[in-house]
Amino acid sequence: MANTDLTGDYTIDAAHSTIGFTVRHAMVTNVKGKFLDFSGSLRLDGGDPAASSASIDVKMDSIDTGSADRDGHLKSADFFKTDEFPTMTFRSTSAEAVGGDDYRITGDLTILGTTKPLTIDLEFNGSAKDPFGNERVGFEGKASILRSEWGLTWNAALETGGVLVSDKIKLNFDISAIRNA
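In this text, all values refer to a predicted model and were calculated from it rather than measured experimentally.

**Q** Got a minute to help me understand the overall build of the protein in this structure?
**A** When helices and strands are counted, the protein shows one helix and eleven strands. When its helices and strands are written in sequence order, the protein yields β-β-β-β-β-β-α-β-β-β-β-β. Here the C-alpha radius of gyration of the protein, 17 Å, is about what a compact globule of 181 residues would show, namely 16 Å. Taken along the three principal axes of its C-alpha coordinates, the protein extends 55 × 30 × 30 Å. Here the protein holds 181 residues, and the buried ones make up 40% of them. Within the protein, contacts between residues at least 6 apart in sequence are counted, and of these 57% link residues at least 24 apart. Each charge class in the protein can be summarised by its mean position, and for the 18 positive and 27 negative side chains these summaries are 3 Å apart.

Next up, the structure:
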């Protein structure tokens, strides 16, 4: 991204982006999910990546794990309390170039009204002009959190030992953003 031509403000294209997660279930398999409704913006500075920033708002009611029953449970008071806390937010506080196409962005992640720091490792996938004349940039990102740090503590013990839902959640991001006109 060390390209000053990319410097500018961008809007995340949710139709071509994914904010997802993976969680260990019953200690034997992974369940994947994503959020279908989110918005955000990026400010990129190709000459000084540390001056870049990101802001994302996720509608928690849009969670999709492929199971309506599980999604309903995740929206309930046992987990996200979406009636009381409809939005999860991320606001960056710092950004850094790590080397090559790798970057790291740190910010404040707010879930259930609790704000904690989150660092996301990013890979810049490049930039392109799409067939509609939009200048696009793409990033892939990943991070891990302990859900208990945000007050997400519901669980069930397993007869064989262990728990139904792991504390560790792997977050993944595939972001396509369009330069603002």
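**Q** Before we go on, may I ask you to explain a positive patch on the surface in this structure?
**A** A grouping of R24, K32, K168 and K170 is seen on the molecular surface, where their side chains present a positively charged patch. Examined against the element boundaries, R24 turns out to sit in strand β2 (residues 18–25). According to the relative accessible area criterion, R24 is partly exposed, its value standing at 37%.

**Q** Which parts of the structure should I look at to understand the pairing of strand β1 (residues 8–12)?
**A** The two faces of a sheet get side chains in turn, since along a regular strand they alternate between them. Inspection of the sheet shows β1 paired to strand β4 (residues 38–44) by four bridges, in the antiparallel sense. Following the sheet pairing, T11 is matched in β4 by S41. In the sheet, β1 pairs with strand β11 (residues 165–179) via three bridges, with the strands oriented antiparallel. Residue pairing in the sheet places T11 in a bridge with I178 of β11.

**Q** Even after reading the chapter, I still don't get the environment of S148, so can you show me in this structure?
**A** Considering the arrangement of structural elements, one finds S148 in the loop between β10 (135–146) and β11. Here S148 falls in the partly exposed class, since its relative accessible area comes to 33%.

**Q** Just to check I follow, could you spell out the packing of aromatic side chains for this structure?
**A** The geometry of an aromatic ring pair comes down to the distance between the two centres and the angle between the two planes. Overall, the coordinates contain two aromatic pairs when judged by the stated rule. Relative to F35, the ring of F21 lies with its centre 5.7 Å away and its plane at 50°, an arrangement referred to as tilted. Of this pair, F21 sits in strand β2 while F35 sits in strand β3 (residues 29–35), and the two are 14 residues apart along the sequence. On the basis of relative accessible area, F21 is assigned to the buried category, the value being 11%. When the ring of F124 is compared with that of F139, the centres are 5.2 Å apart and the planes differ by 55°; the resulting orientation is tilted. Taken as a pair, F124 in strand β9 (residues 114–129) and F139 in strand β10 lie far apart in primary sequence, 15 residues in all. As far as burial versus exposure is concerned, F124 and F139 are alike and both buried.

**Q** Looking at this structure, how should I read unusual backbone geometry?
**A** Across residues other than glycine, the phi torsion is negative in most instances, and most of the peptide bonds are trans. Even without a glycine there, the phi angle at K81 is positive, about 45°. Note that K81 resides in the loop between α1 (68–75) and β7 (87–99). Classification of K81 by relative accessible area gives partly exposed; the value is 33%.

How each quantity is defined
Residue numbers here run from 1 along each chain, matching the order of that chain's written sequence. In keeping with the predicted nature of the model, local features appear solely for residues at pLDDT of at least 70, side-chain atom pairs appear and are counted solely at 80 or more, and the whole-chain, interface and lining totals rest on all residues. Where side-chain values are given, they derive from all heavy atoms of the structure, hydrogens and water being excluded. Secondary structure elements follow DSSP: runs of H or I no shorter than four residues count as helices, runs of E no shorter than two count as strands, and numbering proceeds from the N terminus. For a compact globule the rule gives 2.2 Å times the number of residues to the power 0.38, and the radius of gyration it is set against comes from C-alpha atoms. Relative accessibility thresholds used throughout: buried, under 20% of the residue-type maximum; exposed, over 50%; partly exposed, between the two (1.4 Å probe, protein chains only). In this description, contact between two residues means that some pair of their heavy atoms is separated by no more than 4.5 Å. His residues and chain termini do not enter the charge count, which takes Lys and Arg as positive and Asp and Glu as negative. To locate a charge, take NZ of a lysine, CZ of an arginine, CG of an aspartate or CD of a glutamate. Only residues above 30% relative accessible area that lack a salt bridge enter a patch, with like-charged residues linked at up to 9 Å and the nonpolar side chains Val, Leu, Ile, Met, Phe, Trp and Tyr linked at up to 5 Å. In this description, accessible areas are obtained by the Shrake-Rupley approach with a 1.4 Å probe, and a residue is regarded as covered only by the protein chains that are shown. Definition used for salt bridges: Asp or Glu carboxyl oxygen within 4 Å of a side-chain nitrogen of Lys or Arg. Should DSSP find at least two bridges between two strands, the strands are regarded as paired. The aromatic pairing rule takes the rings of Phe, Tyr and Trp, using the six-membered ring of Trp, and pairs them if the centres are within 6.5 Å, calling planes under 30 degrees apart stacked, those over 60 edge-to-face and the rest tilted.

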